[in-house]
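So you can see what is in the structure, the chains are spelled out below.
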Amino acid sequence: MRIRIERERCVGAGQCVRVAPAVFDQADDDGLVRLIEAAPQGPEAERARKAAQLCPAQVIHIEDQG
Amino acid sequence: MSAVAAAPRYPFARESPFDPPPQFARERARAPLFPVTLWNGARAWVVTRHAEARAILLDDARFSGRMAHPDFPTVTEARVTVDRNERAFVGMDNPEHDRYRRLFTREFSVRRMQALIPGMQALADDLIDDMIAAGPPADLVARLAVRYPSLVMSQLFGSPYEDHTFIIGCAVARHGLTQTPGEAETKARELAAYVRRLIDAKERAPGDDMVSRVIAEHVLTGRLSRDEFAEIGAMILRAGHDTTTNMIGMGALLILRDDALRARLAADPAQIEPAVEEFLRYVSPVQFSPRRVALEDVAIGGVTVKKGEGLFLSLPAANRDPRVFADPDTVDIGRDNSMHMTFGYGIHQCLGQMLARYELQVMFATLLRRLPGLRLAVPLEAIRFKNDMQIYGVHNLPVAW
């Protein structure tokens, strides 16, 4: 799994940090999404998938490899 | 033609205090949306299915959320002028929306909201101490549901706590269904003027609060004018004072009417978080937002929404859609309710949602721990539900222990 984010469209609702805090964070200066782990594995990958589904601006994109 | 003429008058009355109007389930079984007639004779659409509501809220190119749009739908005449004069980002489309919202996103970040939990805990304990000291019976709404979010907002935002009755009055004037246009607009202006004075006061004497931080970061650097901040601040105060209050009252009622649920939550506090999510889904306090207006003719689910027609994306309806939530009219804290739409969806999704979640989790956990014998002091029929408001809840909740 590879994660790509469109930070320029983020609205800072925090859903990604709520459900996948090991993968996503919010930057201190603007509260918008910051990717901590671009290639999560196992349960973290599942949490990242849930974050992508819940993101209200749909700025989290998951690309599955192989 | 006759179908158009027959479009029922909206809004509808509830038949059960815990369930949305029955028309939603009936119409949802037939189509994702159905036409209604508003107070002024305008035709609008109520979207009842989850998938279509989500899709429309993501489709900013074809559906506008600009409240000042001349065709923006309202459920009351009083709301028309209020919407036309809305200057906060809640009523803006992009790119303006993101520019303003982003000046406030860091103030509501998950980590910042988590840091408020110890303070919320102290406030919840103090209020319950006071309630215990005064002795039963007590009105849980007046004692806890109103005061607690007001105290949290006061500390976070920087508005003096003694002003909360005024602030709630302004929120009610906007969120009611019975106000005159004059009342609603006057209260909207009074609240913005109040925040404008607060900005001046905090500029002279800054504190450790949101108003002071936003002044330093965005007003004094020229990104945000004082008047713009006053309008946004009024929106934040209204949202912070009214919605959580209603969830506390309704959530407490859901716990107190169900002994098995109460025992389960008391025995395992880890269940509080999923329970709060389920209460949010089941209660869906915001009744008539979000709204949109079609910017062009759009075909959805076998019908055409015409350019200029309004849409109500009904959160209570979407949250009971059986396509997403099995047995949707049942409170089930073990279900996957992660897709609930109680905070909206799209770019306008609630900025204060983590604040609300933590406030609710702390309050319900504290109530169950401190008052294991809490019970309703009156039969259900004596509880007054907010059928007169755009944000649903209870006006009173008499309890004893």
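Relevant structure appears above.
The structure contained in this document is the topic of the report that follows. (Residues numbered from 1 in each chain as written. Chains lettered and ligands numbered in written order. Predicted model: local features only at pLDDT ≥ 70, side-chain atom pairs only at ≥ 80, totals over all residues. Heavy atoms only, no water.)

A closer look at the nonpolar core
As a rule of thumb, nonpolar side chains are buried together in soluble globular proteins.
And then number 1: Ranked by size, the top nonpolar core spans 110 residues in total, and within it F24(A), F104(B) and Y148(B) carry the most contacts.
And then number 2: A per-element tally of this core places helix α13 (residues 226–256) of chain B first, with 15 residues.
And then number 3: Beyond its immediate chain neighbours, meaning those up to four positions away, F24(A) contacts I3(A), I5(A), C16(A), V17(A), V33(A), R34(A), L35(A), I36(A), A48(A), A51(A) and I60(A).
And then number 4: By size, the runner-up hydrophobic cluster in this structure holds 17 residues, among which are W45(B), L57(B), F63(B) and L311(B). (Core = buried A, V, L, I, M, F, W, Y, C linked by side-chain atoms within 4.5 Å. Buried < 20%, exposed > 50% of the residue type's maximum accessible area, 1.4 Å probe, protein only. Helix = DSSP H or I, 4+ residues; strand = E, 2+ residues; numbered from the N terminus. Contact = heavy atoms within 4.5 Å.)

Focus: the environment of Q23(B)
Residues and elements named next belong to chain B.
And then number 1: Within the fold, Q23 resides in helix α2 (residues 23–30).
And then number 2: On the basis of relative accessible area, Q23 is assigned to the partly exposed category, the value being 22%.
And then number 3: For Q23 and T48, which are 25 residues apart along the polypeptide, the C-alpha to C-alpha distance reads 9.8 Å.
And then number 4: Once residues lying within four places of it in the same chain are set aside, the contact partners of Q23 are F12 and A13.

Description of the sheet that holds strand β1 (residues 33–37) of chain B
Pairing between the strands of a sheet comes from backbone hydrogen bonds, and it takes one of two forms, parallel or antiparallel.
All names here are of chain B.
And then number 1: Pairing is mixed in the open sheet, where five strands are placed in the order β1-β2-β8-β5-β3. Whereas interior strands pair on both sides, the edge strands pair on one side only; in this sheet they are β1 and β3 (63–64).
And then number 2: Sheet topology places strand β2 (residues 43–47) next to strand β8 (residues 310–313); four bridges connect them, and they run parallel. Within β8, the residue paired with W45 across the bridge is L311.
And then number 3: Where helix α3 (residues 50–58) meets the sheet, it contacts β2, β3, β5 (291–294) and β8, and its direction lies at approximately 125 degrees from that of β8. (Pairing = 2+ DSSP bridges. Axes fitted to C-alpha atoms, helices over the stretch in contact; angles between N-to-C directions.)

Some thoughts on the pattern of salt bridges
Any two side chains of opposite charge can pair if their charged atoms end up close together.
And then number 1: Per the counting criterion, the structure on display carries 37 salt bridges over all chains.
And then number 2: Taking the shortest distance from any N to any O, the salt bridge between D83(B) and R79(B) comes out at 3.0 Å. One end of the pair, D83(B), and the other, R79(B), are both in helix α4 (residues 78–84), four residues apart, so they sit about a helical turn from each other.
And then number 3: Between E277(B) and R357(B) there is a salt bridge, and its shortest N-O distance comes to 2.7 Å. With a gap of 80 residues between them, E277(B) in helix α15 (residues 272–283) and R357(B) in helix α17 (residues 353–370) connect regions that are remote in the sequence.
And then number 4: The network of salt bridges with common partners includes D25(A), D28(A), R34(A) and R111(B). (Salt bridge = Lys/Arg side-chain N within 4 Å of Asp/Glu carboxyl O.)

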